[in-house]
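# Chain and residue survey
Single-letter residue listing:
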Amino acid sequence: MEHAAWRRWVLPVLALAVLLLAVFAVREELRTTSYRVVMDAVASLSGGTQVAALLATAACYVVLPCYDLLGLRYAEVTIPFRASLTTSLFAYAFSQTLGFAAITGGAFRLRFWTANGLGTADVARAATFSAVGFWVGLLGACGLALVFETLPAAVLTYAPATALRVIGVLMLSTVAGYLVLASTRREPIQLAGVSLRMPGVRLTLAQVVVATIDWTLAGAVLWILLPPSTGLSFAAFLGAFALAQGVGLASHVPGGIGVFDSLMVVLLAPHSSATGVLASLVAYRAIYYLLPFLLAALSLVFLFVRRRQEALSQVTRTSLQLAGKWGPAVLPGVLSAAVFVSGLVLLVSGAVPAEQGRMAFLDQMLPLGVMEVSHLTGSLLGAGLLVLAWALSRRIDVAWVLSVVALGAGVVASLLKGLDVEEALILGAVLAVLIPSRPAFHRRAALLAEPLEPEWVVAIVAAIGASVAFGLFAYGHVEYGSDLWWRFARSGDAPRFLRASVLVLGGVIVLAFARLMRHAPVVPDRPDAAELVRARSIVARAADTRAYLSLLGDKALLLDEADRAMLMYGVEGRSWVALGDPLGDVDAGAELAWRFRELAHHQGGWPVFYEVGTARLPLYIDLGLSLLKLGEEAIVPLASFSLDGGTRKGLRRAMKEAEKREVSFELIAAGQTENLLPTLQHISDAWLAEKHVREKGFSLGRFDAEYLRHQPIGLIRHEGRPVGFANVLRAGDGGELSVDLMRFSPDAPGGVMDYLFIELMLWGRTEGFSRFNLGMAPLSGLEPRALAPLWNRAGSLVFRFGEHFYNFRGLRQYKDKFDPVWEPRYLASPGGLALPRILSNVATLISGGLGGLVRK
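Residues numbered from 1 in each chain as written. Predicted model: local features only at pLDDT ≥ 70, side-chain atom pairs only at ≥ 80, totals over all residues. Heavy atoms only, no water.

This next bit is on the overall build of the protein. In terms of regular secondary structure, the protein is built from 30 helices and 14 strands. A total of 856 residues make up the protein; the buried ones form 51% of that total. The long-range share in the protein, meaning contacts at least 24 apart out of those at least 6 apart in sequence, stands at 73%. When the accessible surface of the protein is summed, it comes to about 38,500 Å², and 64% of that surface belongs to carbon and sulfur atoms. (Helix = DSSP H or I, 4+ residues; strand = E, 2+ residues; numbered from the N terminus. Buried < 20%, exposed > 50% of the residue type's maximum accessible area, 1.4 Å probe, protein only. Contact = heavy atoms within 4.5 Å. Areas by Shrake-Rupley, 256 points an atom, 1.4 Å probe, with all protein chains shown as cover.)

So, on to the nonpolar core. Membership of the largest hydrophobic core comes to 59 residues, with the highest contact counts inside it found for Y67, L222, F241, F260, M264 and Y284. Tallying contributions element by element places helix α12 (residues 274–305) first for this core, with twelve residues. Excluding its chain neighbours within four sequence positions, the residues that come into contact with M264 are L222, F237, A240, F241, A244, V277 and L281. (Core = buried A, V, L, I, M, F, W, Y, C linked by side-chain atoms within 4.5 Å.)

Before going further, it helps to examine the side chain of D554. Mapped onto the elements of the fold, D554 is located in the loop between α20 (529–539) and β3 (556–559). Within the structure, D554 has its side chain in polar contact with the side chain of K555 (distance 2.7 Å). The residues touching D554, leaving out its near neighbours within four places in the chain, are R526, L549, G697, F698 and R702. (Polar contact = N/O pair within 3.5 Å; in protein donor to acceptor, adjacent residues only side chain to side chain.)

Let's shift gears to α20. L532, A535, I538 and V539 are the residues of α20 that are buried. Looking down the long axis of α20, one finds its buried residues gathered within 110° of arc, a one-sided arrangement. Exposed and oriented more than 90 degrees from the buried face of α20 are A529 and V533. Against the buried residues of α20 lie β3, β4 (565–572) and β6 (583–584). (Arc of directions from axis to C-beta.)

Glancing now at the environment of L380. For L380, the position within the fold is in helix α15 (residues 368–393). Sequence separation between L380 and V504 is 124 residues; the distance between their C-alpha atoms is 5.7 Å. Sequence-distant contacts of L380, defined by excluding residues within four places in its chain, comprise L503 and V504.

Here we come to the pairing of strand β10 (residues 713–718). For β10, the buried fraction is high: five of the six residues fall into the buried class. Two strands pair when backbone bridges link them, and strand β9 (residues 663–668) and β10 are joined in this way by six bridges, in the antiparallel orientation. Following the sheet pairing, I668 is matched in β10 by I713. Summarising the sheet, β10 and strand β11 (residues 721–730) pair through six bridges and their orientation is antiparallel. Bridge pairing in β11 places R717 opposite P722. What sits between β10 and β11 in their antiparallel hairpin is a turn of two residues, with E719 showing a positive phi close to 55°. (Pairing = 2+ DSSP bridges.)

Another point: the pattern of salt bridges. Going through the model one piece at a time under the given rule, you end up with 19 salt bridges. The residue R825 makes a salt bridge to E633 at a minimum N-O spacing of 2.8 Å. Of the two residues, R825 sits in strand β14 (residues 821–829) while E633 sits in strand β8 (residues 626–637), which places them 192 residues apart along the sequence. The buried category is assigned to R825, whose relative accessible area is 9%. (Salt bridge = Lys/Arg side-chain N within 4 Å of Asp/Glu carboxyl O.)

A word on the packing of helix α23 (residues 649–660) against helix α26 (residues 752–766). Running from N to C, α23 and α26 cross one another at 110°; their axes reach a closest spacing of 9 Å. The angle between α23 and α26 places the two elements in the roughly perpendicular class. On α26, the residues touching L651, A654, M655 and A658 of α23 are D754, Y755, I758 and E759. The residue makeup of the contact of α23 with α26, split by class, is six nonpolar, no polar and two charged. (Axes fitted to C-alpha atoms, helices over the stretch in contact; angles between N-to-C directions. Parallel < 35°, antiparallel > 145°, perpendicular 65-115°, else oblique. Nonpolar A, V, L, I, M, F, W, Y, C, P; charged D, E, K, R; others polar.)

This paragraph deals with the packing of aromatic side chains. Under the counting rule described, the total for this entry stands at 20 aromatic pairs. For the pair F134 and W135, a centre-to-centre distance of 6.2 Å together with 80° between the ring planes defines the contact as edge-to-face. Overall, F134 belongs to the buried group, its relative accessible area being 17%. Ring geometry for Y284 versus Y288: centroids 5.4 Å apart, planes at 5°, classification stacked. Here the residue Y284 and the residue Y288 both occupy positions in helix α12, the gap between them amounting to four residues, near one helical turn. Comparing Y284 with Y288 shows no difference in burial state: the two are buried. By way of ring pairs, the aromatic residues Y61, Y67, F134, W135, W215, F241, Y284, Y288 and Y289 are connected into one cluster. The ring of Y289 has R285 lying over it, and the distance from NZ or CZ to the ring centre is 4.7 Å. Across from the ring centre of W822, 3.9 Å away, lies the NZ or CZ of R812, which sits over that ring. (Phe/Tyr/Trp six-rings, centres within 6.5 Å; stacked < 30°, edge-to-face > 60°. Lys NZ or Arg CZ within 6 Å of the ring centre and 35° of its normal.)

Judged by side-chain polarity, L69, F81, L85 and L89 come together as a nonpolar surface patch covering roughly 330 Å² of accessible area. Top contributing element to the nonpolar patch by residue count: helix α5 (residues 81–98), with three residues. Mapped onto the elements, L89 comes out in helix α5. (Patch = residues over 30% accessible without salt bridge, like charges linked within 9 Å, V, L, I, M, F, W, Y side chains within 5 Å.)

The element strand β7 (residues 606–612) is largely enclosed, with a buried count of seven among its seven residues. Pairing between strand β5 (residues 575–579) and β7: five bridges, direction parallel. Paired with L579 across the two strands is Y610, which belongs to β7. In terms of strand pairing, β7 meets β14 through three bridges, oriented antiparallel. From the neighbouring strand, F609 faces β14, where its bridge partner is A828.

Glancing now at the side chain of S745. Relative to the helices and strands, S745 is located in the loop between β12 (736–744) and α26. Residue classification places S745 among the buried residues on the basis of a relative accessible area of 11%. Once residues lying within four places of it in the same chain are set aside, the contact partners of S745 are I683, P722 and V723.

A few words on helix α29 (residues 835–847). Helix length check: α29, at 13 residues, gives a terminal C-alpha distance of 18 Å against a target of 18 Å (1.5 Å per residue), a fit within 8%. Within α29, burial applies to L835, I838, N841, V842, T844, L845, I846 and S847. (Expected span 1.5 Å × (residues − 1).)

Our next topic: unusual backbone geometry. In this structure, E76 is a non-glycine residue whose phi angle is positive, near 60°. The topology assignment puts E76 in the loop between α4 (47–74) and α5. The backbone of D563 shows a phi angle near 55°, a positive value even though the residue is not glycine. Looking at the element boundaries, D563 is found in the loop between β3 and β4.

As a packed pair, helix α16 (residues 397–418) and helix α17 (residues 421–434) sit with axes 8 Å apart at the nearest point and diverge in direction by 160°. Classified by the angle their axes make, α16 and α17 are roughly antiparallel. Remark: the crossing between α16 and α17 carries left-handed chirality. Taking contact as the criterion, the partners of W400, S403, V404, L407, G408, G410, V411, S414, L415 and K417 in α16 are, on α17, V421, E423, A424, L427, G428, V430, L431 and L434. (Left-handed = near helix turned anticlockwise from the far one by under 90°.)

Now the structure itself:
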């Protein structure tokens, strides 16, 4: 497990390295300009230019949903147009700004499309087709620019023309190969377990047209904002734009920020000053990225809050229905990003000069000390919001409280340190949408106890580094000396920047050391006597008879602090396997599931939930897990169970045969089995020897005197002599009845198993139990259809033809004689390439070790 931890750092660190390289490449161009000159250039952009850029952006957002419309048509599924449009606008507004489109935009599509009846496979096909179209357009634009040299001359200073042309040919060949394959291949291909058919000529051409228009309009937004003196043809500019966008997207830096911008400055340097390009990029970021993101975030929260309002148009009603159902699932990520941006705004604001006219006004109204303290406070609040943004993404309730306080204080600090009205409005807007979203943040957890993912570590470091870089750029003309630290004046922006930066860096370093000095978590030990006592109190209230398996002591226990819920689990390899759903209170159980996921994640392991039912499937989806059907569980409704009727003829015959052979049933109460345990031990040992098997574990019980003496025993006697037994498990809520161990002597009469089950079911009905759990029929109920998932098809084949290894069909047929209701059971775990190892780990855990996999 420990070897996997470093792999999670590779991509985030690589993204940070690419960003640093991009900034290093642009350092020469930045020496010829200054922060104030760039801001003046942004302010000098004409209203007509800004309106034209806004219109081009709006046109982009008209075209972007076409990707999804084509994807849905390719997947041969339909949803209401309004729902498709709403989903696309939200998905692209967030994914283009935050990056990681497969995660950010994919989350919206999964939530909203499945709400309209699509299956996960349909969503995967449609989303894949949309993503392919996006990249086809980008590769085509880059390839054309490189082959036909429609690029700024500056590109040739970094690579020879021949090498660039070869790269362009490879890009165009990739696109051409896809177009030929998509138009001519008839057989589907398998990708990550999903069957993908080729789209055909018409869909492929439509895909190319949409991608071409999209990239042309996206480039036109920045083209409009460039200084008129640039003198570069649109074709040459579009080539540079596509190339920079491709590198930015490949870097995995959110929105390509820093990488795309630096490359554009370098590529356009011979045609325009760094000042003009930087001013255009600032406006471009605000219009094309930030504005749609803020509008989408405000809209999502508004829809979430107003989801029950009736007097609305049909478009809004559709949106409200979706937001009401899925809003709580996507809001934490959206608001987390908004709070992170707010923190970055405060940090950057504290690192750049304040507007002198506003400072002069504040100087007349406030003491200098108030402005100095407000500046330091604003920067510290900015750093704090970066960390709180991470906590919000994990839905921690205290993070919501602290974020509300920090944003409110940030609004005040922004006004007091420099009358930054625009900054205060941004923070106020985020605060306004955060306050009514309180229900989305329900997890009770300690901030410092939560695992901080590599992506967030790198993002926080990059944000603080960006604010320091902005400050160094803004005050590049200042001569730094020891006296600068202690200079306090109305115009002392540079000293304030230095003090704030050191304070922020110091705070982050202290936080990092606080986390590093924590005791490292260890693989949990088996429960002690005190934990088993606590577990017994939860078992006594549980609705699932599987809860009794926690009392065996062979599984680690994760207990709610108030003993409202419990989760039992074992560890094998990298798999942390929880047995069944969390037991006890629903809300407390959900919190335990999150704690379990984080515990596994912190140790570099995979969280796995084995044999879970349908009631908690949304929880496992929220945990980011994939679902795999394991089989079906037989549940016999006891209220309608009897031996009457033609369908019960076989059961009546089994009862009569047992009575003829002088077989009898006796239920021995818990606590009265002490003298009987040696006899039961003898029967169990004989049964194991005859079957040539050994005791299993984890999901199955074993003969353990301490475990059995606290449960009723159903005893089978033949001519007065004990020949078989089963320990009877009774749910704490009086609903479910089941058995765990069921063992017989080799000389027991035939049919005693049927007899035992019938007697227990009749007794359970008399005692008021509602159902009898006959246990799992592995691999039953899996669909063998051609378009079913690979696992289902393979499992169905094993179920039908694997009798040599396990009596799959026979077990199903035996349980069917009791007319049960079959309920599906699933494995919730990470999918992809990890799945085979997870299944192997689970099998090893159940078999009691590797030896159990190769022998009975």
